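Here's the letter readout for the chains.
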Amino acid sequence: MEVVVRPHAGAATDLVARLIQRAVRQKPDLTLGLATGRTMEALYAKLVEDYAQGGTDYSCVTTFNLDEYIGLPPSHECSYRTYMQRHLFDRVNVRPENTHVPDGMAENTEVACARYEAMIATVGGIDLQLLGIGRTGHIGFNEPLSAMFSRTRAKALTPETMAQNRPLFPDPAMMPHRAITMGVGTILDAKRCLLLVTGAEKSGVVARAIEGPVTSMVSATALQMHPHCTVVLDEAAADGLSQKDYYYWLFENEPEWSEFR
Ligand code: GLP
């Protein structure tokens, strides 16, 4: 795992945007795993800004989102499909048929999940998986007790996650209690993982995810087992890390990801 700390949220987000843009330029038919949440809104705004200025071309990129609420149709204002259309897909030249979000309305969730896994496999797997982290330490919606080898499946949301995301629903009672999420194993299969976390309220869970013992109670700890995982933080999110000076030194002197050299 490589940990990169930037002075503030804007700089951390900017770095992740540049890494994604470079990855797409290097491999125009990149398969990109995408995340949702408030943190990603600022990131997608930067990708859109770069695109609008004639930057990156997404016409050959394929995307797979991590998760979707069960029971929300794609057109629902709070679905992750709508989120993605609003913040990215409608604003860059990615082909609609190349974008994938799990089907939260599938009649048979198990079949839909297996199909999602098969689609990822068909394109040769995910090249770069973008990730955020929830307050419970989840990646995607892999809540506590998510098996390290889990695949795309339905997962019940914890009360903490419900509380974190409920304000995003105009009618809080409308928030589903379950979601389809790529599994921890699905995420670990990505060739590279890129976790972006900003803000002081995440510093505790970030420290557990990076420096704590690997446990299914904090699914982000699974990233410690990934051979190519880069974590980009702002100072506030990095505040709970005990080895911060070492991470700074490593990044300055022996960066892992070739993009940093
Ligand atoms: C949701 C998503 C996660 C994301 C998290 C972070 O729970 N399922 O993939 O990491 O939100 O959200 P935020 O950036 O709003 O803190």
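Nothing here was measured: the structure is a model prediction, and the numbers come from that model.

Rules behind the numbers
- Residues numbered from 1 in each chain as written.
- Predicted model: local features only at pLDDT ≥ 70, side-chain atom pairs only at ≥ 80, totals over all residues.
- Heavy atoms only, no water.
- Near = heavy atom within 4 Å.
- Polar contact = N/O pair within 3.5 Å; in protein donor to acceptor, adjacent residues only side chain to side chain.
- 1 Å grid on protein atoms, 1.4 Å probe; cavity = no way out; pocket = protein on both sides within 12 Å on 5 of 7 lines; lining within 4 Å.
- Sits in = over half its atoms within 2 Å of the grid points.
- Nonpolar A, V, L, I, M, F, W, Y, C, P; charged D, E, K, R; others polar.
- Points joined across faces, edges and corners; volume = space filled by probe spheres on them.
- Buried < 20%, exposed > 50% of the residue type's maximum accessible area, 1.4 Å probe, protein only.
- Helix = DSSP H or I, 4+ residues; strand = E, 2+ residues; numbered from the N terminus.
- Contact = heavy atoms within 4.5 Å.
- pLDDT = per-residue confidence, 0-100.
- Pairing = 2+ DSSP bridges.
- Right-handed = clockwise from strand over helix to strand, strands pointing away.
- Axes fitted to C-alpha atoms, helices over the stretch in contact; angles between N-to-C directions.
- Parallel < 35°, antiparallel > 145°, perpendicular 65-115°, else oblique.
- Left-handed = near helix turned anticlockwise from the far one by under 90°.
- Core = buried A, V, L, I, M, F, W, Y, C linked by side-chain atoms within 4.5 Å.
- Salt bridge = Lys/Arg side-chain N within 4 Å of Asp/Glu carboxyl O.

1. Section: the site of the ligand
Link 1 in the chain: Near the ligand lie 14 residues; those nearest to it are Arg38, Thr39, Asp67, His138 and Lys202.
Link 2 in the chain: At 3.2 Å, a backbone N or O of Ile133 approaches an oxygen atom of the ligand.
Link 3 in the chain: Most atoms of the ligand, that is more than half of them, are within 2 Å of grid points of the largest pocket.
Link 4 in the chain: Partitioned by chemical class, the residues of the shell around the ligand number 3 nonpolar, 8 polar and 3 charged.

2. A look at empty space enclosed by the protein
Link 1 in the chain: Scanning all chains against the criterion turns up 1 cavity of 30 Å³ or more.
Link 2 in the chain: Put simply, the largest cavity is a space of about 50 Å³.
Link 3 in the chain: Along its surface, the largest cavity is lined by Leu32, Leu47, Tyr58, Val61, Thr63, Leu88, Phe89, Val92 and Val94.
Link 4 in the chain: Looking at the lining of the largest cavity residue by residue, the classes come out as 8 nonpolar, 1 polar and no charged.

3. Topic: helix H3 (residues 80–87)
Link 1 in the chain: The buried fraction of H3 amounts to 6 of the 8 residues, a majority that puts the element mostly inside the structure.
Link 2 in the chain: Where H3 is concerned, the buried positions are Tyr80, Arg81, Thr82, Tyr83, Met84 and His87.
Link 3 in the chain: Packed against the buried residues of H3 are strand S2 (31–34), helix H2 (38–52), strand S3 (62–65), strand S4 (67–69), strand S5 (99–100) and helix H5 (159–165).

4. Here we look at the confidence of the model for the chain
Link 1 in the chain: Here the chain averages 97 in pLDDT, while 100% of its residues score no lower than 70.
Link 2 in the chain: Per-element confidence in the chain is highest for S3, whose mean pLDDT is 99, and lowest for helix H8 (residues 244–253), whose mean pLDDT is 93.

5. Observations concerning the pairing of strand S9 (residues 192–197)
Link 1 in the chain: The buried fraction of S9 amounts to 6 of the 6 residues, a majority that puts the element mostly inside the structure.
Link 2 in the chain: Burial of S9 is two-sided: the residues Arg192, Leu194 and Leu196 facing one way and the residues Cys193, Leu195 and Val197 facing the other way are all buried.
Link 3 in the chain: Across 5 bridges, the pairing between S9 and strand S10 (residues 229–234) is parallel. What sits directly across from Leu196, in S10, is Val232.
Link 4 in the chain: In this fold, the crossover linking S9 to S10 by way of helix H7 (residues 203–211) has right-handed handedness.

6. Digging into the packing of helix H1 (residues 9–26) against H2
A packed helix pair is summarised by two numbers, namely the angle formed by the two axes and the spacing between the axes.
Link 1 in the chain: The interhelical angle for the contact between H1 and H2, taken along N-to-C directions, is 50°, at an axis separation of 9 Å. In terms of orientation, H1 lies oblique with respect to H2. Classified by chirality, the crossing of H2 by H1 is right-handed. Taking contact as the criterion, the partners of Gly10, Thr13, Asp14, Val16, Ala17, Ile20, Gln21 and Arg25 in H1 are, on H2, Ala42, Leu43, Lys46, Leu47 and Asp50.
Link 2 in the chain: Of the residues contributing to the contact of H1 with H2, the split by class is 6 nonpolar, 3 polar and 4 charged.

7. Thoughts on the packing of H2 against H3
Link 1 in the chain: Their axes nearest at 9 Å, the elements H2 and H3 cross at an angle of 35°. Contact with H2, carried on its side by Met40, Glu41, Tyr44 and Val48, involves Tyr83, Met84 and His87 of H3 and no other residues of that element.
Link 2 in the chain: For the contact of H2 with H3, the per-class residue count stands at 5 nonpolar, 1 polar and 1 charged.

8. Quick look at the nonpolar core
Link 1 in the chain: Counting 79 residues, the largest nonpolar core has Ile20, Leu43, Tyr44, Leu88, Leu223, Leu233 and Leu241 as the members making the most contacts within it.
Link 2 in the chain: Ranked by residue count, the leading element in this core is H1, at 8 residues.
Link 3 in the chain: Contact partners of Leu43, with chain neighbours within four places excluded, come to Thr13, Val16, Ala17, Ile20, Leu130 and Leu196.

9. Some words on the pairing of strand S1 (residues 2–6)
Link 1 in the chain: Most of S1 is tucked away: 4 of the 5 residues are buried.
Link 2 in the chain: In terms of strand pairing, S1 meets S10 through 5 bridges, oriented parallel. Residue pairing for S10: Val3 is matched across the bridge by Val231.

10. Remarks on the environment of Ala163
Link 1 in the chain: Positionally, Ala163 belongs in helix H5.
Link 2 in the chain: For Ala163, a relative accessible area of 39% puts it in the partly exposed group.
Link 3 in the chain: Spatially, the C-alpha atoms of Ala163 and Arg135 are 9.9 Å apart, while their sequence positions differ by 28 residues.

11. So, the pattern of salt bridges
Link 1 in the chain: In total, this model carries 10 salt bridges according to the counting rule given.
Link 2 in the chain: Asp127 is the salt-bridge partner of Lys27, the closest N and O atoms lying 3.1 Å from each other. Placement of Lys27 in the loop between H1 and S2 and of Asp127 in the loop between helix H4 (109–122) and strand S6 (128–131) is noted, with a sequence separation of 100 residues between them.
Link 3 in the chain: Residue class for Asp127 comes out buried when judged on its relative accessible area of 12%.
Link 4 in the chain: A salt bridge links Asp189 to Arg151, with the nearest nitrogen and oxygen atoms 2.9 Å apart. Pair noted here: Asp189 is in the loop between helix H6 (184–188) and S9 and Arg151 is in the loop between S6 and strand S7 (153–156), with a separation of 38 residues, a long-range link.
Link 5 in the chain: Here Arg151 falls in the partly exposed class, since its relative accessible area comes to 36%.
Link 6 in the chain: Salt bridges sharing partners connect three or more residues here, namely Lys27, Asp29, Asp127 and Lys191.

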